[in-house]
Amino acid sequence: MANKGKLSLNYLQLQAAGVKPYKDDWSRKRNPRKRGTRMNYENDDSLFERSLSKNDINAIRRSQVPQVIDTLWHLQSRDMLPAIWFIFSRKGCDAAVQYLEDCKLLDECETSEVELALKRFRIQYPDAVRESAVRGLLQGVAAHHAGCLPLWKAFIEELFQRGLVKVVFATETLAAGINMPARTSVISSLSKRSDSGRIQLSSNELLQMAGRAGRRGIDESGHVVLIQTPNEGAEECCKVLFAGLEPLVSQFTASYGMVLNLLAGVKAIHRSNESDDMRTSSGRTLEEARKLVEQSFGNYVSSNVMLAAKEEIKKIEREIELLMSEITDEAIDRKSRKALSQRQYKEIAELQEDLRAEKRVRTELRKQMEAKRISALKPLLEEPENGHLPFLCLQYRDSEGVQHSIPAVFLGKVDSLNASKLKNMISSVDSFALNSADAEPSVTDSELNENLGPSYHVALGSDNSWYLFTEKWIKTVYVTGFPNIPLVQGDARPREIMSTLLDKEDMKWDKLAHSEHGGLWFMEGSLETWSWSLNVPVLSSFTENDELLLKSQAYRDAIEQYKDQRNKVARLKKKISRTEGYREYSKILDTVKFTEEKIKHLKTRSKRLINRIEQIEPSGWKEFMQVSNVIHETRALDINTHLIFPLGETAAAIRGENELWLAMVLRNKILLELKPAQLAAVCASLVSEGIKLRPWKNNSYIYEPSATVLNFIRLLDEQRGALLAIQEKHGVTISCCLDSQFCGMVEAWASGLTWREIMMDCAMDDGDLARLLRRTIDLLAQIPKLPDIDPLLQRNAKAASDVMDRPPISELVG
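Only a predicted model underlies this, so the values are computations on that prediction, with no experimental measurement involved.

A.B. asks: Run through the overall build of the chain, naming residues and quoting values.
C.D. replies: When helices and strands are counted, the chain shows 32 helices and 16 strands. Across the 814 residues in the chain, those meeting the buried criterion constitute 44%. Pairs at least 24 apart in sequence give 76% of the contacts found in the chain among residues at least 6 apart. Element-wise, carbon and sulfur atoms account for 50% of the exposed surface of the chain, whose accessible area totals about 44,800 Å².

A.B. asks: Go over the pairing of strand 2 (residues 141-144), please, and point to the residues and values.
C.D. replies: Where burial is concerned, the two faces of strand 2 agree: the one with Val-141 and Ala-143 and the one with Ala-142 and His-144 are both buried. Sheet analysis places strand 2 next to strand 3 (residues 167-170), joined by 4 bridges and oriented parallel. Looking at strand 3, one finds that Val-141 is bridged to Val-167. The parallel pair strand 2 and strand 3 is bridged by helix 10 (residues 150-161), and the resulting crossover is right-handed.

A.B. asks: With reference to specific residues and values, describe the packing of aromatic side chains.
C.D. replies: Counted according to the given criterion, the structure contains 11 aromatic pairs. With centroids separated by 6.0 Å and ring planes inclined at 55 degrees, the aromatic side chains of Phe-482 and Trp-532 adopt a geometry described as tilted. With Phe-482 in strand 12 (residues 474-483) and Trp-532 in helix 21 (residues 527-533), this pair connects stretches of sequence that are 50 residues apart. In textbook terms, an aromatic cluster arises when at least three aromatic residues are bridged by ring pairs, as seen for Phe-391, Tyr-478, Phe-482, Trp-532 and Phe-542. For Lys-472, the ring lying beneath its charged end belongs to Trp-473, and the centroid distance is 5.8 Å. Note that Arg-806 overlies the ring of Trp-749, its terminal NZ or CZ placed 3.6 Å from the centroid.

A.B. asks: Kindly report on the packing of helix 27 (residues 676-686) against helix 31 (residues 766-782), identifying the contributing residues and their values.
C.D. replies: Closest axis-to-axis distance for the helix 27/helix 31 pair is 9 Å, and the angle between their directions is 110 degrees. When the axes of helix 27 and helix 31 are compared, the pair comes out roughly perpendicular. On helix 31, the residues touching Leu-679, Ala-680, Cys-683, Ala-684 and Leu-686 of helix 27 are Leu-772, Thr-776, Leu-779 and Leu-780. Across the contact of helix 27 with helix 31, the residue classes tally to 8 nonpolar, 1 polar and no charged.

A.B. asks: How would you explain the pairing of strand 13 (residues 510-515) if you had to name every residue and give the values?
C.D. replies: Sheet topology places strand 13 next to strand 14 (residues 518-524); 5 bridges connect them, and they run antiparallel. Directly across from Asp-510, in strand 14, lies its bridge partner Phe-522.

Cut-offs applied
- Residues numbered from 1 in each chain as written.
- Predicted model: local features only at pLDDT ≥ 70, side-chain atom pairs only at ≥ 80, totals over all residues.
- Heavy atoms only, no water.
- Helix = DSSP H or I, 4+ residues; strand = E, 2+ residues; numbered from the N terminus.
- Buried < 20%, exposed > 50% of the residue type's maximum accessible area, 1.4 Å probe, protein only.
- Contact = heavy atoms within 4.5 Å.
- Areas by Shrake-Rupley, 256 points an atom, 1.4 Å probe, with all protein chains shown as cover.
- Pairing = 2+ DSSP bridges.
- Right-handed = clockwise from strand over helix to strand, strands pointing away.
- Phe/Tyr/Trp six-rings, centres within 6.5 Å; stacked < 30°, edge-to-face > 60°.
- Lys NZ or Arg CZ within 6 Å of the ring centre and 35° of its normal.
- Axes fitted to C-alpha atoms, helices over the stretch in contact; angles between N-to-C directions.
- Parallel < 35°, antiparallel > 145°, perpendicular 65-115°, else oblique.
- Nonpolar A, V, L, I, M, F, W, Y, C, P; charged D, E, K, R; others polar.

Here it is, written out as structure tokens:
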């Protein structure tokens, strides 16, 4: 890997110098005078020592990015077609097809076959033809992504399998589950866009796409082409390829329907048309349900991986224990006696004893300095008397040892704030407890007395985050701050305003760092605190003269004493390095350092394995019980007696993302006032998750829903908020979809508009609208079969489903 990376870097450096890194015999024969010049470049080591900046490398790479058409002709000349070309956006796939509309990949016979197949498809499914893709299809190229109608995608797949489409531009969804093997897979990039920005492909994703190359029984081997991009080259490709496969992680999640069907027993309301068996059925006990959940495939895979990881951890722990025994003082002493003469050993041993003594003094002075720092901080953190909230600097190191400094405005000691939620949390949650007994004592009791014990304080950082901390994490306090006076006469003071805003938060604190003197926690602020955080100055605007902490003479004296002792230790180390036997002794120390580094790497690996175990540890039963608690609190099912109520009966019979939420909506009597088309629009609001407008569609629109539908959705929003609160209370994260954005499109289709009328200048892709309509029809079709649903609602649902289930939606495949 290292050699490959170096070669790639050398290649870029030669490119920057305008030199070809390969031999060109033809040009040599034409102009032999250039030989000396080329040899000078090849022998010039300084060229390789000249480092290139990241911008330089990206500029060179940008000039080397091949055009789509050039890559395509290379594939064709090497007989590497048909190919699936993966591009990670719908827009990119469609643009690539349009770019190649003038590239003829089919012969006359193949073109005739495509024209005939297209003619038949147009006759059978006139609304499903993707007119913008016809020209490219006749040349042998096509796009395949979720924005296409399923009927059109099936047509493309059929032509590809017949060899009438040579290149399919597809998103990564084509890499799994569809029978479209090709001779070559082309991957346009090693990264893709996500909601959080660009992310790199995992090795699993890359190999999944690469696996489409090679047709069984046709090709002896498949080909995979990775395209160079401005930000990705050979090094990035090798990193992904050799990163190793990611472990299988269980995707098992407990749903409301599953829990209800496993636990449901006797029904709370008996109906005359039910048999005696249905009335007396008893659900499974929690123990029986647990056994079923733990027999899932995800739990089986996780348990096997966990066993292997735990064995590896034990092996690492044994190795660490053995290595630790090699670097104890006794072990080093034995090695020193063996390697040095008696005189050399005695000289170094005496100096080492002196060094240990001086280090102990240094440690005590560091503790004294910390005690003096906290003593100097205490009065600075009291209730401000000079009418301002001081700025301060918080400092900590993360788990990787990187130091972070955070400018913030100090709000005050927690006990002094009007923030009841925060006070209750600190007093009731064990992880916030401050145990001064655990704190490491200093030289004298007077320097860490009760008055110097740690206490929690609050500040608002410049990054619009709240920080909860003890004195341990304050690097310094500055002389300047927010004026703590009302902006307008009669208004509250800034400290009171920010205290109120703090108490509005959900108190979801995350720990940044911990020590024996208390932790450092943070919580994201809100839009209301954002304007306050903008007024916190950057640290570079402060000087040492602004630091109040340094005005304490006792603290400054403690710093000087610590520095003097630190210099004394350094001088003693230097004296040891000048002794006669130090050369041999240094070899022993180097071995100790190497062993310590090895122990560090083993501990890092052990930590990674522990984290991996936590990620894949079967959590199915925990989720099952969380969902059960929500079901119990909403009175859908009594998990103690297994008595199922009407809400639970309806939810148990529904198929959907959040069966409990769907059941709550469908049992709402207001639905009876809606007409079939309006009912369809409301149902669409429940199943539109993941459907989006396409931002590149200019001058386009979507139909707006009727006022009746919008009013009903507003009423549902209150019910949704109540369910979300119960879910959050029990740690359940199942989404409760309610989105009115696309209701008008469904209402228009259910009212009888044609597909062409709806899609004319539409801001949605064909495939997205078709998927939304299909989901809505599927939900409507379930309503007549659900228990304890009003007959009028069942009739309206059937009527809406019948109207909507017409071409091209009724003929959807895949």
